[in-house]
Amino acid sequence: IYSQCSIILGNSSVAASGNTLALSLAVSFNSGFMGTHNLYALAENGAGNSGWQNAGSWTVPLGSAWLPAGWGSYGVAGSADNNASYSNGLFTLTSSWGGLWGTVDGGYEFVAQPLIGDGMIQARILGSQGNNWNSRYGLLLRAGPNEAAAGGFVGIQQGCLCFSTRPDTEADTNTNGSVPSYDYPVWVRLVRSGQTVSAYYSFNGADWLAMGAPQTVNLGTISDIGMVASQGTGGDPLLATLDHVSF
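What comes next concerns the included structure. Residue numbers here run from 1 along each chain, matching the order of that chain's written sequence. Local features in a predicted model are, by the rule used here, given only for residues with pLDDT of at least 70; side-chain atom pairs are given and counted only at 80 or more, and totals for whole chains, interfaces and linings are based on all residues. Only heavy atoms go into the side-chain values, all of them from the structure, while hydrogens and water stay out.

1. As for the pairing of strand β22 (residues 222-230)
Along any regular strand, the residues point their side chains to alternate faces of the sheet.
Reasoning step 1: With 8 of 9 residues buried, β22 lies mostly within the body of the structure.
Reasoning step 2: Across 8 bridges, the pairing between strand β12 (residues 108-116) and β22 is antiparallel. Considered in β22, the bridge of I116 is made with I222. Exposed residues in this analysis have more than 50% of their type's maximum accessible area, buried residues have under 20%, and partly exposed residues fall in between, with area computed by a 1.4 Å probe over protein chains only. Here a strand is any run of E in DSSP of at least two residues, a helix any run of H or I of at least four, and the numbering for each starts at the N terminus. Two strands are counted as paired when DSSP detects at least two bridges linking them.

Take a look at the structure:
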């Protein structure tokens, strides 16, 4: 996903025998996607599909600029200068260009893991540098790598603590809840239950409040969940810092 792996066609093969089709894939992962990862595959014909099945696992060794095992850093649809780093529990996301709004996103840095079915993520937002009115940073749940994919966001956007969703592919993005007054640090949580996304916030990490009503979002079976930063309209790079991340 997000160009973190590729199929080596010259070392892959396919063979048919009666009603059985055997597919052997040689998969290469980028070093930034280190850790052990499961590959899920689905087979489909005119009569239906097999459903997602675990097809094996791969262990990617640590690279020089690493994140904790299981997390991948994806500069989506934006500048190559979008990146992320990790040290002693602190995630720093850098975005020099892009946008996270409307029907199609213009680019952002996304540190994420695949999520199969239901799940949640929470983190403490410590603050940022270089943000402008259109900057956004916080937590993101997304149906996939498509720039117009459905998803949900909770974090800082346009100067307030907000919950926003894009309910379907290429649908418009809506603000579903907001907290106009806040101080750093602030905790945020994003929860998926079926095709419903909910957002929460806390000022102490213990007492949580809902941010707006739960929203229906067409996420499919497998989604991606993690931390995001989008600089917005240009200018100085946005540096957003988060810690106390649990997934």
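2. Here we look at a nonpolar patch on the surface
Reasoning step 1: Two joining distances apply to patches: 9 Å for like charges and 5 Å for nonpolar side chains (Val, Leu, Ile, Met, Phe, Trp, Tyr), and every residue must have over 30% relative accessible area and no salt bridge. Working definition of accessibility: Shrake-Rupley area with a 1.4 Å probe, residue cover restricted to the visible protein chains. Any carboxyl oxygen of Asp or Glu that lies within 4 Å of a side-chain nitrogen of Lys or Arg is treated as forming a salt bridge with it. Together, I7, L9, V14, L21, L23 and L25 line one region of the surface with nonpolar side chains, adding up to about 640 Å² of accessible area.
Reasoning step 2: Looking at the secondary structure, you find L9 in the loop between β1 (5-7) and β2 (13-17).

3. Notes on empty space enclosed by the protein
Reasoning step 1: A 1.4 Å probe that fits into a set of points on a 1 Å grid over the protein atoms alone but cannot get out defines a cavity; an open set with protein on both sides within 12 Å along at least five of seven lines defines a pocket, and lining residues are those with an atom within 4 Å of a point. Grid points are joined across faces, edges and corners, and a volume is the space filled by probe spheres set on the points. Applying the stated criterion across every chain yields a total of 1 cavity of 30 Å³ or more.
Reasoning step 2: Each pocket or cavity is described by its volume, and for the largest cavity that value is around 110 Å³.
Reasoning step 3: If you trace the largest cavity, you find 17 residues lining it, with L100, L140, G151, F153 and T173 closest to the centre.
Reasoning step 4: Of all the secondary-structure elements, those providing two or more residues to the lining of the largest cavity are β14 (136-142), β15 (151-157) and β16 (160-166).
Reasoning step 5: Side-chain classes are defined by residue name, with Ala, Val, Leu, Ile, Met, Phe, Trp, Tyr, Cys and Pro counting as nonpolar, Asp, Glu, Lys and Arg as charged, and the others, Gly among them, as polar. Grouping the constituent residues of the lining of the largest cavity by class yields 7 nonpolar, 6 polar and 4 charged.

4. Observations regarding the packing of aromatic side chains
Two measures describe an aromatic ring pair: the distance that separates the ring centres and the angle between the ring planes.
Reasoning step 1: Only rings of Phe, Tyr and Trp enter the pairing, Trp through its six-membered ring, and a pair is recorded when the two centres are within 6.5 Å. The plane angle decides the type: under 30 degrees is stacked, over 60 is edge-to-face, the rest tilted. Evaluated as defined, the whole model comprises 6 aromatic pairs.
Reasoning step 2: Relative to F91, the ring of W71 has its centre 5.9 Å away and its plane inclined at 70 degrees; by these criteria the two rings are edge-to-face. Of this pair, W71 sits in the loop between β8 (53-60) and β9 (72-76) while F91 sits in strand β11 (residues 90-95), placing them 20 residues apart in sequence. Neither W71 nor F91 differs from the other in exposure class; each is buried.
Reasoning step 3: Taking the centre distance of 4.7 Å and the plane angle of 55 degrees together, the rings of Y86 and F91 count as tilted.
Reasoning step 4: Given a relative accessible area of 26%, Y86 falls into the partly exposed group.
Reasoning step 5: Following the ring pairs from residue to residue traces out a cluster consisting of W71, Y86, F91 and F247.
Reasoning step 6: Consider the ring centre and the ring normal. A charge sits over the ring if Lys NZ or Arg CZ is within 6 Å of that centre and within 35 degrees of that normal. Residue placement shows R189 over the ring face of W208; its charged tip is 4.0 Å from the ring centre.

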